[in-house]
Amino acid sequence: MFVVVLSCNGVKLMPRFEYRNIAPTPLAQKAFLDWIEQLDAAFQNPDPERRSNVVRDALHQLYLGEEHAGLGGGLAQQALLHSFDPRNASLEPEYYGDVDAAKYAQRKPLIWFWMMYDRSPVGLNHWLGFRMRAMLARHVFKHCGNNVKIFHGVEFSFGYNLTVEDNCTIHKYVLLDDRGELVIHAGSSISDYASVYTHAHDLNDGMLISNHKTELGPSARVTYHATVLSGVRVAEHGMVGSMGVATKDVPPYHIVGGIPAKTIKVKTIAPESGKDPGR
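All values derive from a computational prediction rather than experimental measurement.

1. A few points about the packing of helix 4 (residues 101-118) against helix 5 (residues 126-140)
Next, step 1: Two elements in contact, helix 4 and helix 5, have axes whose closest approach is 10 Å; the angle formed by their N-to-C orientations is 165°. By the criterion of interaxial angle, the relationship of helix 4 to helix 5 is roughly antiparallel. Regarding helix 4 and helix 5, the two cross each other, and that crossing is left-handed. Of the residues in helix 5, those in contact with Arg107, Leu110, Ile111, Phe113, Trp114, Tyr117 and Asp118 of helix 4 are Leu128, Gly129, Met132, Arg133, Leu136, Ala137, His139 and Val140.

Next up, the structure:
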């Protein structure tokens with residue numbers, strides 16, 4: 001839908017483009033939703049062994065188009081079949097000394113499935129992907145709200161320290177580091193290739209780690225290739241411009257950019273009390 005917006009003096013402003021309603025065929029839609037429902041039901045059981053079996057079997061079907069029937073073939077084929085089982089995969093966050101091993105063990109099979117799903121032949125199907133990842137997020141994240149859209153290639157650390165509230169959008173290849181606590185408040189958006197951190201390294205000894213709470217929003221935007229460092233709060237309607245690095249809090253309605261990011265302008269929708277760019 002295309003809408004032309006006019007200002008009060010009749011000057012034409014930027015057009016507003018609403019999202020189109022795209023959907024698969026009814027037969028495919030039923031198959032997609034039935035598959036998600038089946039996995040969702042199976043993942044209700046938090047036992048890591050049970051979840052690992054479900055993921056192994058699902059990935060076998062997803063990649064090979066057939067039921068899991070044990071190992072066979074040459075060594076390369078055996079390596080492939082073993083890799084469908086999350087018990088045989090090692091993920092970077094498992095190596096971190098501050099990981100809660102019990103919490104991560106429950107989530108690891110689902111995180112492995114998420115990563116392998118994104119790299120599979122169906123991983124770029126947005127209609128299916130939004131729904132699949134939202135289902136997985138409800139089992140992996142500390143909290144995942146309603147109408148959350150997560151694109152392919154998004155990665156996070158532990159999952160259990162990550163809160164994503166209602167109506168948020170996380171675009172492709174975003175890094176969400178939740179070693180500390182990360183809260184993405186309602187209506188916020190993170191653009192392609194952005195990174196948001198919750199931990200920092202000591203300058204002299206990289207093995208000394210400090211974890212901090214990082215917050216975005218509500219209605220914040222972190223734009224393309226931007227970075228938000230550990231402990232930073234991007235406040236309501238705040239925006240980090242493309243390639244910017246937010247090293248300190250972004251005030252409400254402020255648009256920041258550069259390295260380190262500084263206020264460039266204040267949104268016109270800001271209340272009068274928040275329109276001082278010098279804040």
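2. Some details on the pattern of salt bridges
Pairing between side chains of opposite charge can happen when their charged atoms approach one another.
Next, step 1: Across all of its chains, the model carries 12 salt bridges by this definition.
Next, step 2: The shortest N-O distance in the salt bridge between arginine 179 and aspartate 98 comes to 2.8 Å. Highlighted residues: arginine 179 in the loop between strand 8 (175-176) and strand 9 (182-184) and aspartate 98 in the loop between helix 3 (75-83) and helix 4, separated in sequence by 81 residues.
Next, step 3: On the basis of relative accessibility, which here comes to 30%, the residue aspartate 98 falls in the partly exposed class.
Next, step 4: Of the charged contacts in the structure, one is a salt bridge between aspartate 192 and lysine 172, with a shortest N-O distance of 3.1 Å. Of this pair, aspartate 192 sits in the loop between strand 10 (189-190) and strand 11 (195-196) while lysine 172 sits in the loop between strand 7 (169-170) and strand 8; the two residues are 20 residues apart in sequence, bridging distant segments of the chain.
Next, step 5: On the basis of relative accessible area, aspartate 192 is assigned to the buried category, the value being 13%.
Next, step 6: The partly exposed category is assigned to lysine 172, whose relative accessible area is 27%.
Next, step 7: Shared partners join several salt bridges into a network, and the residues in it are Glu49, Asp85 and Arg87.

Quick notes on the rules
Residues numbered from 1 in each chain as written. Predicted model: local features only at pLDDT ≥ 70, side-chain atom pairs only at ≥ 80, totals over all residues. Heavy atoms only, no water. Axes fitted to C-alpha atoms, helices over the stretch in contact; angles between N-to-C directions. Helix = DSSP H or I, 4+ residues; strand = E, 2+ residues; numbered from the N terminus. Parallel < 35°, antiparallel > 145°, perpendicular 65-115°, else oblique. Left-handed = near helix turned anticlockwise from the far one by under 90°. Contact = heavy atoms within 4.5 Å. Salt bridge = Lys/Arg side-chain N within 4 Å of Asp/Glu carboxyl O. Buried < 20%, exposed > 50% of the residue type's maximum accessible area, 1.4 Å probe, protein only.

Shape descriptors only; they carry no functional weight alone.
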